[in-house]
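# Secondary and tertiary structure notes
Residue strings, one per chain:
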Amino acid sequence: MSRGILTYRQKQSTWIIKTAKWTIAAFLIIGLLHQFIANDKPILAKYEGSIYSPITNELLSDLGLKEAKNFDDDLYEWKIMPLIPYASDQLNSKVNVSIGPFDDQNISSVRYRHWLGTDALGRDVTAGLIHGTNIALKVGLIAVFLSLLIGLYLGILSGYFGDDGWKVNLLQYVLGATVKLLGLYYLLFPIVLSASWSYYTAVVFIVVTLLFLILRFGSMLPGQKMSIPIDLVTSKIIEVLN
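Scope of this entry: the structure provided in the associated data block. (Residues numbered from 1 in each chain as written. Predicted model: local features only at pLDDT ≥ 70, side-chain atom pairs only at ≥ 80, totals over all residues. Heavy atoms only, no water.)

## With respect to the packing of helix 5 (residues 170-188) against helix 6 (residues 197-217)
Axis separation between helix 5 and helix 6 bottoms out at 10 Å; the angle between their running directions is 175 degrees. Considered as vectors, helix 5 and helix 6 are oriented roughly antiparallel to each other. Together, Gln172, Leu175, Gly176, Val179, Lys180, Gly183, Tyr186 and Leu187 of helix 5 and Tyr199, Tyr200, Val203, Val204, Val207, Leu210, Leu211, Ile214 and Leu215 of helix 6 make up the contact between the two elements. Split by residue class, the contact of helix 5 with helix 6 holds 13 nonpolar, 3 polar and 1 charged. (Axes fitted to C-alpha atoms, helices over the stretch in contact; angles between N-to-C directions. Helix = DSSP H or I, 4+ residues; strand = E, 2+ residues; numbered from the N terminus. Parallel < 35°, antiparallel > 145°, perpendicular 65-115°, else oblique. Contact = heavy atoms within 4.5 Å. Nonpolar A, V, L, I, M, F, W, Y, C, P; charged D, E, K, R; others polar.)

Quick look at the structure:
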């Protein structure tokens, strides 16, 4: 390969990497600040003689850090709206039908134009895309975090025990696996509505306690011990995924 082609490819790769970084950074910013980019509530407003941030108030109330406050749109003295003045689930109150981006839109000013139109329910498509970026970001982060936990867990077990270093009682193994599966089930599907952090903390505490008891007193269970080839199993799982 000539030096000119190699240099061109290196420069091209650098340009591609920089573009990818800026694109990811843009998606991160949009996903994290989606409420301040597309929302039907003001970013900042003067209401009844005081300065408020209705969007921030709503976010804090959703987290349980502040009492929710209802704002009357007619009582705003002035307000600063987001770039897209529509919420992702807000229906077009005037015409609840699909509107194309180039159709005539019944709006007071170009500030309230639906730049990508609306869906069949009258919801702004641009606001929906911005809100969807936040959902995609959450799903991606959760998936990577779970993959990291599972990978670290299997890697540590494989490196420490190998194929014949982990000897467990079969009944002990079945009980431990059952407790883990039940714990995962109750974390993904809470048995109470609107589960709080105390619920998840209690589930984790119960699962960890039961696993500790199984490990501590597993030698008292009846049955013979068997070796679990954890290194081999992990390697085969990686091969299947690859």
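Moving on from the model shown.
## Considering the sheet that holds strand 2 (residues 50-52)
Strand order in the open sheet formed by 3 strands is 2-1-3, and the pairing between neighbours is antiparallel. Since the sheet does not close on itself, it has two edges, and those belong to strand 2 and strand 3 (76-80), each with one partner. Mean inter-strand twist for the sheet, computed between neighbouring axes without regard to direction, equals 15 degrees. Note that strand 1 (residues 44-47) and strand 3 share 4 bridges and pair antiparallel. Across the sheet, residue Leu44 finds its bridge partner in strand 3, namely Ile80. (Pairing = 2+ DSSP bridges.)

## Some details on a negative patch on the surface
A contiguous patch of negative charge on the surface is contributed by Glu48, Asp72, Asp73 and Asp74. Within the secondary structure layout, Asp72 lies in the loop between helix 3 (54-62) and strand 3. (Patch = residues over 30% accessible without salt bridge, like charges linked within 9 Å, V, L, I, M, F, W, Y side chains within 5 Å. Areas by Shrake-Rupley, 256 points an atom, 1.4 Å probe, with all protein chains shown as cover. Salt bridge = Lys/Arg side-chain N within 4 Å of Asp/Glu carboxyl O. Lys, Arg positive; Asp, Glu negative; His and termini not counted. Charge placed at Lys NZ, Arg CZ, Asp CG, Glu CD.)

## What to know about the side chain of Gln172
Topologically, Gln172 is positioned in helix 5. Setting aside residues no more than four positions away along its own chain, Gln172 makes contact with Ile214, Leu215, Gly218 and Leu221.

## Some details on the packing of aromatic side chains
Inspection of every chain in the model, using the stated rule, returns 11 aromatic pairs. Residues Tyr47 and Tyr52 carry aromatic rings whose centres are separated by 6.3 Å and whose planes lie at 75 degrees to one another, so their mutual orientation is edge-to-face. Considering the side-chain rings of Tyr52 and Phe71, the 5.5 Å spacing of their centres and the 70 degrees angle between planes classify their relative orientation as edge-to-face. Of the two residues, Tyr52 is situated in strand 2 and Phe71 in the loop between helix 3 and strand 3; the sequence distance between them amounts to 19 residues. Under the relative-accessibility criterion, Phe71 is labelled buried at 19%. Through successive ring pairs, a cluster of aromatic residues spans Tyr47, Tyr52, Phe71 and Tyr76. Cation over ring: Lys69 sits above Phe71, and NZ or CZ is 5.7 Å from the ring centre. (Phe/Tyr/Trp six-rings, centres within 6.5 Å; stacked < 30°, edge-to-face > 60°. Buried < 20%, exposed > 50% of the residue type's maximum accessible area, 1.4 Å probe, protein only. Lys NZ or Arg CZ within 6 Å of the ring centre and 35° of its normal.)

## Quick notes on the pairing of strand 1
Side chains Ala45 and Tyr47 of strand 1 all project onto a buried face; the interleaved residues Leu44 and Lys46 project onto a face where none is buried. Note: strand 1 against strand 2, 3 bridges, orientation antiparallel. Its bridge partner lying in strand 2, Tyr47 is registered against Ser50.

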